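Spelled out from the first residue to the last, the chains are:
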Amino acid sequence: MCSSPKSSRAVNKTAINFNNELTQEQRLRFAAKANLAQERREQRQATNKRYEQKHLSNKSSHGLFSWLQQLVS
């Protein structure tokens, strides 16, 4: 007598088989979109890295002591 909850929806476990279900044109279009997405991802990561490096020095504390240090220097 197991009272664990069961899903009432059937799970569709079929995956696209690229060799059989896609035409050559569809495969080329998919590859082009995937390549563009990868390029955008790499550009975004590079931009984020440059942004973090640029603003890393600006992350100092804003307390009274740091304000006085900036005022003196």
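About the cut-offs
Residues numbered from 1 in each chain as written. Predicted model: local features only at pLDDT ≥ 70, side-chain atom pairs only at ≥ 80, totals over all residues. Heavy atoms only, no water. Helix = DSSP H or I, 4+ residues; strand = E, 2+ residues; numbered from the N terminus. Buried < 20%, exposed > 50% of the residue type's maximum accessible area, 1.4 Å probe, protein only. Areas by Shrake-Rupley, 256 points an atom, 1.4 Å probe, with all protein chains shown as cover. Salt bridge = Lys/Arg side-chain N within 4 Å of Asp/Glu carboxyl O. Patch = residues over 30% accessible without salt bridge, like charges linked within 9 Å, V, L, I, M, F, W, Y side chains within 5 Å.

As annotated in an unreviewed UniProt entry, the protein chain carries the name Orphan protein and comes from Pseudoalteromonas aliena SW19.

**Q** A description of the overall build of the protein chain should follow, citing residues and the corresponding values.
**A** Across its full length, the protein chain carries 2 helices and 0 strands. Here the protein chain holds 73 residues, and the buried ones make up 3% of them. Carbon and sulfur atoms make up 55% of the accessible area of the protein chain, which amounts to about 7700 Å² in all.

**Q** Now, about the pattern of salt bridges: what can you tell me, with residues and values included?
**A** What the rule picks out here adds up to 1 salt bridge. A salt bridge links Glu25 to Arg29; its shortest N-O distance comes to 3.5 Å. On the criterion of helical spacing, the pair formed by Glu25 and Arg29 is a turn pair, its members being 4 residues apart in helix 1 (residues 24-55). We classify Glu25 as exposed; its relative accessible area is 56%.

**Q** Would you mind going over a nonpolar patch on the surface in detail, with residue names and values included?
**A** A grouping of Leu64, Trp67, Leu68, Leu71 and Val72 is seen on the molecular surface, where their side chains present a nonpolar patch of about 580 Å² in accessible area. Turning to its location among the elements, Leu71 is positioned in helix 2 (residues 64-72).

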